[in-house]
Amino acid sequence: PAEFEPHGEPLLPVPAPQPHDPAVIIWTSGTTGLPKGAWFDHRNLEAAVASAGEMTRAFDRRLGGLPLAHAGYMAKLWEQFAMGLTIVLTPVPWSAPMMLQVLTSERINVGAGVPTQYVKLLELPATAGADFSQLRVCLSATAPAAPELIQRIRTTLGAPVIVRYAMTESPSITGTHPDDPPDIQYRTVGRPQEGMTVRVVDDAGVEVGVGVVGRVQIQGPCVMRGYWGDPEQTAAVLSAEGWLTSGDLGRFDDAGNLSLVGRAGDMYIR
């Protein structure tokens, strides 16, 4: 219609988005101090939905404690549309009584927190008698959760714990299963998620055996396409075959669970 045409000139048609078109850029400082833009196309976001596993079911209500610019939110945008998710933002500033109120009053299905938050939540006298009947699973991240804590979460909140390993450059990598024993949840980050391949290599880039520590490499449809406008930085971490070399050191056990044991370089967490 003419009223939508600026100065009477026809509007240019908007091209339909293609699967390989850029969808999001997630900025990460890493250890360089200068932000790098890990970019993902629509195929990446589609793959993230397929890799979610037990963390996502149709029409879930999920507690979201991450900044909206974080990979944990930006790389999961398709989940909200594909699965009809409701994201309930964690109140700021955080407090254990407020977390308890949100989990119960908002009928949260997927809880999320760091181990310290769960500890403080379980210390509240009101937690023992609260109604967590809608809670299906709890996500724990950023630091190891002791087996005793994982067992207390399962007993008191009535939901198993899932531990996930991810990074900005690949927001889906590995995860534990709700049926894994607390010891596996504590000392490992689980097995590769759907569609992802993880290996441990030595300094020469050769894959090492079970129990041997080396650099963690990731390949799969959730790995970024590169750093936006920075082919040099991209080539430093992403091979022509699609292997992303992380800064993490790890080893596999006989059951295929990955344990992280250190870093190849320094990293500041802020």
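Everything that follows concerns the structure shown earlier in this document.
A brief look at the structure comes next. (Residues numbered from 1 in each chain as written. Predicted model: local features only at pLDDT ≥ 70, side-chain atom pairs only at ≥ 80, totals over all residues. Heavy atoms only, no water.)

1. Focus: the overall build of the protein
Within the protein, the regular secondary structure consists of eight helices and 14 strands. In terms of overall size, the protein behaves like a compact globule, its C-alpha atoms giving a radius of gyration of 21 Å where 270 residues would be expected to give roughly 18 Å. Along the longest, intermediate and shortest principal axes, the C-alpha atoms of the protein span 65 × 55 × 30 Å. Here the protein, with 270 residues, has 42% of them falling under the buried criterion. Restricting to contacts in the protein with at least 6 residues of sequence separation, those with at least 24 account for 61%. Entry remark: accessible area of the protein is about 14500 Å², with carbon and sulfur atoms responsible for 57%. Measuring between centres, the 20 positive side-chain charges of the protein sit 6 Å from its 28 negative side-chain charges. (Helix = DSSP H or I, 4+ residues; strand = E, 2+ residues; numbered from the N terminus. Rg over C-alpha atoms; globule rule 2.2 N^0.38 Å. Buried < 20%, exposed > 50% of the residue type's maximum accessible area, 1.4 Å probe, protein only. Contact = heavy atoms within 4.5 Å. Areas by Shrake-Rupley, 256 points an atom, 1.4 Å probe, with all protein chains shown as cover. Lys, Arg positive; Asp, Glu negative; His and termini not counted. Charge placed at Lys NZ, Arg CZ, Asp CG, Glu CD.)

2. Here we look at unusual backbone geometry
Residue Pro93 follows Val92 across a cis peptide bond; omega there is 0°. Topologically, Pro93 is positioned in the loop between strand E4 (86-89) and helix H4 (96-105). Positive phi outside glycine occurs at Phe59, with the angle close to 65°. Examined against the element boundaries, Phe59 turns out to sit in the loop between helix H1 (42-51) and strand E3 (61-64). Despite not being glycine, Arg107 shows a phi value in the positive range, around 55°. With respect to the element layout, Arg107 can be found in the loop between H4 and strand E5 (110-113). Exposure remark for Arg107: the relative accessible area of 44% places this residue in the partly exposed category.

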